[in-house]
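Take a look at the letters that make up each chain.
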Amino acid sequence: MAWHSSGSSNDELVDNLVENGLIPSEGIASAFRSVDRIYFVPEGCADLAYEDRPLKEGNVHISAPHIYCTVVKHLEIKPDSSQSFLNIGVGTGYLSALVSIILGPKSQLYGVDIHSAVIDHCREATRVWKESIDEEVAKCFLFHGNGLSILPEGESRLGFDRIYVGAAIDSSDLPKLQCLLAPGGILVAPVDDRLTQADRILHMMEQDNEDEDNGMDVEDEDDEAPNLGLGLDQSMESDDDMLHDRSSRIEFRSVSITNEDL
């Protein structure tokens, strides 16, 4: 039952999410237990960390825990894999932390946010959380910029296996983000006030190459951040030809998941 899973601790919160049928597997439950929500909530909200409700302070926003259960379910993340994950509107970093636990240290994570203060919060929250756990997790590269300005070039050229958009977008924005998916990739985003799952259909030629390396190098902690094809002042309108050419060669489908407020 959504909104009825609050607890007095992270473990109790997760227990209630499981009891209410919101977490689909023990592996996902384990990830939620490994990522204590208190490290990620906005400043001044620690006393509300384990309530099943969204929290916001300024531009720093974290959705209700049961929403992340729905998101993780529909992202269909492959555990212990090298899948790449792009989080547009990375927010507090809570979801990226969950995904990093599920995917494991071989994964490739990228986060983008238009607000520099949100990036700062995410970076610090993630650092403190990592110090609290014994597990090895992949580094999440953070970028300050407009996620709608990412072009299919640089690290984005071959696409991402999974994409989540943490801020509401118009249906007119969906095609440009779908073009960032790798073959067989899945995107989850709030589109026109409805949480939507979209995927890039995997054709036979692409199926033959699905298990090959996707061309992205996993960067070490001290390595320079990769090029994400992102520019804060880039105009998508000036690159319509590139996007049209890519989208005309790719088949997509999408389905609404829920219209619940994130």
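Please refer to the structure placed before this passage.
This one's a predicted model, so the numbers in the text were calculated from it and none came from an experiment.

1. Quick notes on the pairing of strand β6 (residues 160-165)
In terms of burial, β6 is a largely internal element, six of the six residues being buried. Strand direction decides the pairing type here: strand β3 (residues 84-88) and β6, joined by four bridges, are parallel. Considered in β6, the bridge of Ile 88 is made with Val 165. Across four bridges, β6 lies against strand β7 (residues 181-191) in parallel orientation. Bridging from a neighbouring strand, Tyr 164 pairs with Val 188 of β7.

2. Quick word on the environment of Pro 105
Structurally, the position occupied by Pro 105 is in the loop between α4 (94-103) and β4 (108-113). The exposure class of Pro 105 is partly exposed, given its relative accessible area of 41%. In this structure the C-alpha to C-alpha distance between Pro 105 and Ser 81, which are 24 residues apart in sequence, comes to 8.3 Å. Aside from chain neighbours lying at most four places away, what touches Pro 105 is Glu 136, Val 137 and Ala 138.

3. Structural notes on the pairing of β7
Counting buried residues along β7, nine of its 11 residues qualify, which places the element largely inside the surrounding structure. In the sheet, β7 pairs with strand β8 (residues 194-200) via six bridges, with the strands oriented antiparallel. Looking at the pairing, Val 191 lines up with Arg 194 of β8. The turn linking β7 back onto β8 is made up of two residues, and Asp 192 within it adopts a positive phi angle of 50°.

4. So, the packing of helix α3 (residues 65-75) against α4
Relative orientation of the contacting elements α3 and α4 amounts to 45°, with a least axis distance of 11 Å. Put simply, α3 runs oblique to α4. For the pair α3 and α4, the crossing hand works out as right-handed. Contacts between α3 and α4 involve Tyr 68, Val 71 and Val 72 from the first element and Tyr 94, Leu 95, Leu 98 and Ile 102 from the second. Across the contact of α3 with α4, the residue classes tally to seven nonpolar, no polar and no charged.

5. Brief notes about the packing of aromatic side chains
Counted by the stated rule, this structure contains six aromatic pairs. Aromatic side chains Phe 32 and Tyr 94 sit 6.5 Å apart centroid to centroid with 70° between the ring planes, which places their arrangement in the edge-to-face category. With a gap of 62 residues between them, Phe 32 in helix α2 (residues 26-34) and Tyr 94 in helix α4 connect regions that are remote in the sequence. With a centroid separation of 5.6 Å and an interplanar angle of 70°, the aromatic rings of Tyr 110 and Phe 160 are classed as edge-to-face. On the criterion of sequence distance, the pair formed by Tyr 110 in strand β4 and Phe 160 in strand β6 is long-range, its members being 50 residues apart. Like Tyr 110, the residue Phe 160 is buried in the burial classification. The rings of Phe 32, Phe 40, Tyr 68, Tyr 94 and Trp 129 are connected pair by pair, giving a single aromatic cluster.

6. Overview of the packing of α2 against α4
For any two helices packed against each other, the geometry comes down to the angle between their axes and how far apart the axes lie. Closest axis-to-axis distance for the α2/α4 pair is 9 Å, and the angle between their directions is 130°. Taken together, the axes of α2 and α4 lie oblique to each other. Crossing hand, α2 versus α4: right-handed. On α4, the residues touching Ile 28, Ala 31, Phe 32 and Ser 34 of α2 are Tyr 94, Leu 98, Ile 101 and Ile 102. Counted by class, the contact of α2 with α4 contains seven nonpolar, one polar and no charged residues.

7. As for unusual backbone geometry
You will see that Asp 80, though not glycine, has its phi angle at about 50°, which is positive. Note that Asp 80 resides in the loop between α3 and β3. By relative accessible area, Asp 80 is classed as exposed at 59%. Backbone geometry places Asp 193, a non-glycine residue, at a positive phi of 70°. Inspection of the secondary structure assignment puts Asp 193 in the loop between β7 and β8.

Analysis parameters
- Residues numbered from 1 in each chain as written.
- Predicted model: local features only at pLDDT ≥ 70, side-chain atom pairs only at ≥ 80, totals over all residues.
- Heavy atoms only, no water.
- Buried < 20%, exposed > 50% of the residue type's maximum accessible area, 1.4 Å probe, protein only.
- Helix = DSSP H or I, 4+ residues; strand = E, 2+ residues; numbered from the N terminus.
- Pairing = 2+ DSSP bridges.
- Contact = heavy atoms within 4.5 Å.
- Axes fitted to C-alpha atoms, helices over the stretch in contact; angles between N-to-C directions.
- Parallel < 35°, antiparallel > 145°, perpendicular 65-115°, else oblique.
- Left-handed = near helix turned anticlockwise from the far one by under 90°.
- Nonpolar A, V, L, I, M, F, W, Y, C, P; charged D, E, K, R; others polar.
- Phe/Tyr/Trp six-rings, centres within 6.5 Å; stacked < 30°, edge-to-face > 60°.

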